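Letter by letter, the chains look like this.
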Amino acid sequence: MASLSPLLSLLLQLLALQACHASKSAASFVEDAKDPNLKEFSFDLGYGEEFFEAFIDPTIETMSQGKHTEIIAPSMKGHAVKLFNMSPEPVDYYWVDTQGTPMNMGRCAAFHSTGTASFAGHQFFFAPTNYEQSKVILQHFTIDKHGIENLYYYDPITVDGNQQLTTENLSKLTMKQLEMYNKMLRNRKFAGEYKKTTGRDYMSLYPRKKPKHFLYPADHFGQEFWVTTKQTQFKEVPTKKLSKIREAALDRVLKDDDPVPFTEYRDQNEFLNMTLKVISVRPRAYEINNFLSQSEVDHIISTAKKSNMQLSTTGSGNVHTESKTKTRTSKNTWVGRETDQVFDTLYRRAADLLRIDEALFRQRDSSERPDFPTNGAIAEQLQLVHYNKRQEYTAHHDFGYAPIDSPHQEARFATLLLYLNEPEAGGETEFPRWINGETSDGLLVTPKIGKAALFYSFLPDGNMDDLSHHSANPIEKGEKYLINLWVREPIF
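Keep in mind the model is a prediction, meaning the values are calculated, not measured.

Asks: Got a sec to walk through the sheet that holds strand 19 (residues 429–431)? Specific residues and values, please.
Replies: As summarised here, the arrangement of the four strands in space is 16-22-19-20, forming an open sheet in which the pairing is antiparallel. Only two strands of the sheet have a single partner each, and these edge strands are strand 16 (393–396) and strand 20 (443–445). Shown here is a sheet whose adjacent strand axes are inclined to one another by a mean of 15°, direction ignored. One ladder, built from two bridges, connects strand 16 with strand 22 (residues 470–472); its direction is antiparallel.

This is the structure we're talking about:
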């Protein structure tokens with residue numbers, strides 16, 4: 001492999017996980033405690049000795065508190081696939097269906113990556129952007145039958161066994177292209193070291209910092225955490241008094257002694273107590289009952305029904321990857337925090353639940369949170385989703401892959417699902433590959449009015465969590481209304 005000028009030395013930083021709030025709240029854990037499953041290892045990628053704290057999966061004995069000693073392999077064999085375009089030209093990537101017909105999945109920029117959820121034996125290829133005319137295939141990928149390889153590379157620059165041609169290819173790159181190619185080479189080397197230590201592929205881009213936002217621990221099944229919020233539930237929604245929120249950022253800050261809006265229409269307790277129960281350790285997933293009141297649910301559904309719901313798309317928030325597909329057959333609409341005071345309350349309550357400053361869930365004044373590089377919200381608009389009979393969203397991941405030259409490597413960090421009704425049959429949220437010692441079946445989260453489910457797309461070491469693979473199972477009878485709230489790391 002060609003010897004390139006080293007990049008700047010990596011400055012490793014141990015980040016204290018923060019939970020900053022505009023209102024005081026209590027929690028049943030130590031927020032700045034270091035994750036016990038982070039283990040430091042050293043390596044040399046050709047730039048001198050470096051160190052990294054990697055997340056090591058806890059044992060099944062620990063997860064089950066001694067109940068089980070062996071992991072049962074999941075019956076579902078799919079997993080995330082990340083394809084790297086290590087060339088200076090954009091390419092289109094195709095999936096080959098069971099009939100041998102190539103289907104265009106989108107475009108992958110030069111020195112970038114793309115990906116999807118796939119299965120063993122699936123076929124993909126990279127092609128020039130004029131493939132429909134040229135029929136030229138640049139690189140063919142076959143997903144490995146054991147389901148342990150997530151990373152696949154197209155590298156036309158380095159030619160194994162031919163240093164002269166490699167040097168010629170490198171000489172044709174601009175300084176910017178050479179820098180980006182070197183980043184990809186370094187990332188590829190690190191991924192190999194990471195896999196030796198953890199047994200899993202590194203799907204982020206090295207070097208990436210640990211998540212800036214707080215992650216709840218998940219030590220064992222059934223573990224519980226409680227947190228309180230001043231954002232109490234509406235027992236009655238004053239529909240005619242609600243209005244679009246137009247106040248400036250600083251005017252929206254609620255101090256500790258400030259009353260919440262429409263106090264007279266809310267539960268009269270000073271705080272709402274929320275309990276998170278660990279339903280899965282790997283991936284980290286939690287259930288929270290009674291997150292929403294019936295009145296709040298009714299108001300949200302009414303808002304959804306008044307909107308123009310469109311056929312849902314797939315993707316992870318990256319415009320170039322979203323497309324209408326049979327893998328998702330629901331309809332959805334988007335609703336912002338500023339829609340009215342009920343939706344604003346929902347965001348504030350969610351921020352307290354996730355132990356994240358509510359100011360990060362909205363546009364901020366320049367004086368707020370100067371530790372963040374932008375003033376934009378890290379929380380996306382609420383996605384209100386409706387599923388009719390037989391509609392579903394097959395197993396997928398919520399995370400995506402930021403451009404290689406993005407300084408923050410932003411991606412979806414956490415997903416908060418809010419269930420608005422109870423289908424008569426079907427419609428569960430399923431984690432088909434959760435680690436457990438009881439069954440090869442997926443973990444099912446049954447919709448219940450007002451219940452929330454939280455899971456993380458990141459591991460504590462900054463890697464993407466392939467086990468966050470999840471689906472919305474088909475509705476067998478009735479219908480389903482659901483909210484997705486996605487939170488970005490570290491920015492959006």
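From this point, things continue past the structure.
Asks: Describe the environment of Arg200, listing the residues and the values that go with them.
Replies: Its place among the elements puts Arg200 in the loop between helix 4 (175–198) and strand 10 (224–229). Sequence separation between Arg200 and Glu149 is 51 residues; the distance between their C-alpha atoms is 8.3 Å. In this view, Arg200 contacts Phe55, Ile56, Asp57, Tyr194, Lys195, Arg282, Leu459, Asp461 and Asn463; residues no more than four positions away in its chain are not counted. Only 3.0 Å separates the side chain of Arg200 from the side chain of Asp57, close enough to count as a polar contact.

Asks: Could you give an account of the sheet that holds strand 10, with specific residues and numbers?
Replies: Read from one edge to the other, the open sheet built from nine strands follows the order 10-11-12-21-17-24-15-14-13, with strand pairing classed as antiparallel. The sheet is open, and its two borders are formed by strand 10 and strand 13 (310–311), each paired with just one other strand. In this sheet, strand 11 (residues 272–280) lies alongside strand 10 in antiparallel orientation, the contact comprising six bridges. Looking across to strand 11, one finds that Trp226 is bridged to Thr275.

Asks: Give a description of the packing of aromatic side chains that names residues and reports values.
Replies: Per the stated rule, a full pass over the model turns up 32 aromatic pairs. Each ring, one from Phe43 and one from Tyr206, has its centre 5.9 Å from the other, and the planes form 70°; the classification is edge-to-face. Taken together, the residues Phe43 in strand 1 (residues 38–44) and Tyr206 in the loop between helix 4 and strand 10 connect sequence positions 163 residues apart. Both residues of the pair, Phe43 and Tyr206, count as buried. Consider the rings of Phe126 and Phe141, whose centres lie 5.2 Å apart with planes at 85°: the pair is edge-to-face. Here Phe126, found in strand 7 (residues 123–127), pairs with Phe141, found in strand 8 (residues 139–142); they are 15 residues apart in sequence, far enough to count as distant. Phe126 sits in the buried class, given a relative accessible area of 0%. According to the relative accessible area criterion, Phe141 is buried, its value standing at 4%. One cation-aromatic arrangement involves Lys212 over Phe372; the distance from NZ or CZ to the ring centre is 5.1 Å.

Asks: Give a description of the confidence of the model for the protein chain that names residues and reports values.
Replies: Detailed reading of the predicted coordinates is not advisable wherever pLDDT is low. On average, residues of the protein chain score 91 in pLDDT, and 91% of them are at 70 or above. Contacts from residues 1–24, a stretch scored under 50 in pLDDT, to residues over four places away or in other chains number 66 contacts. With pLDDT under 50 throughout, residues 316–324 is counted as low confidence; its partners more than four residues away or in other chains account for 24 contacts.

Asks: So what about helix 4? Which residues, and what values?
Replies: Taking 1.5 Å of rise per residue, 24 residues should cover 34 Å, and helix 4 covers 34 Å from first to last C-alpha, within 8% of that figure. Among the residues of helix 4, those classed as buried are Met180, Tyr181, Asn182, Met184, Leu185, Arg186, Asn187, Phe190, Ala191, Tyr194 and Thr198. Of the surrounding elements, those touching the buried residues of helix 4 are strand 1, strand 2 (49–55), strand 3 (79–85), strand 6 (112–118), strand 9 (151–154) and helix 3 (163–171). Positive backbone phi, at 85°, marks Gly199, one or two positions downstream of helix 4.

Asks: So what's going on with unusual backbone geometry? Residues and values would help.
Replies: In this model, Tyr206 is joined to Pro207 through a cis peptide bond whose omega is 0°. You can see Pro207 is positioned in the loop between helix 4 and strand 10. Across the junction of Arg282 and Pro283, the peptide omega takes the value 0°, indicating a cis bond. Inspection of the secondary structure assignment puts Pro283 in the loop between strand 11 and strand 12 (285–288). Although it is not a glycine, Phe111 sits at a positive phi angle of roughly 50°.

Asks: Mind laying out helix 5 (residues 294–306), listing which residues take part and the relevant values?
Replies: Look at helix 5: 18 Å from first C-alpha to last across 13 residues, which is about the 18 Å you get at 1.5 Å a residue. Within helix 5, the full set of buried residues consists of Ser295, Glu296, Val297, His299, Ile300, Ile301, Thr303 and Ala304. Among the structural elements, strand 14 (331–335), helix 6 (341–354), strand 15 (382–387) and strand 24 (480–489) are those in contact with the buried residues of helix 5.

Asks: Just give me the short version of the pattern of salt bridges, but keep the residues and values in it.
Replies: In total, this model carries 30 salt bridges according to the counting rule given. The partner of Asp35 in a salt bridge is Arg284, and the shortest N-O contact between them spans 2.5 Å. With a gap of 249 residues between them, Asp35 in the segment before strand 1 and Arg284 in the loop between strand 11 and strand 12 connect regions that are remote in the sequence. Since its relative accessible area comes to 16%, Asp35 is described here as buried. Residue classification places Arg284 among the buried positions, given a relative accessible area of 8%.

Cut-offs and rules
- Residues numbered from 1 in each chain as written.
- Predicted model: local features only at pLDDT ≥ 70, side-chain atom pairs only at ≥ 80, totals over all residues.
- Heavy atoms only, no water.
- Pairing = 2+ DSSP bridges.
- Helix = DSSP H or I, 4+ residues; strand = E, 2+ residues; numbered from the N terminus.
- Axes fitted to C-alpha atoms, helices over the stretch in contact; angles between N-to-C directions.
- Contact = heavy atoms within 4.5 Å.
- Polar contact = N/O pair within 3.5 Å; in protein donor to acceptor, adjacent residues only side chain to side chain.
- Phe/Tyr/Trp six-rings, centres within 6.5 Å; stacked < 30°, edge-to-face > 60°.
- Buried < 20%, exposed > 50% of the residue type's maximum accessible area, 1.4 Å probe, protein only.
- Lys NZ or Arg CZ within 6 Å of the ring centre and 35° of its normal.
- pLDDT = per-residue confidence, 0-100.
- Expected span 1.5 Å × (residues − 1).
- Salt bridge = Lys/Arg side-chain N within 4 Å of Asp/Glu carboxyl O.

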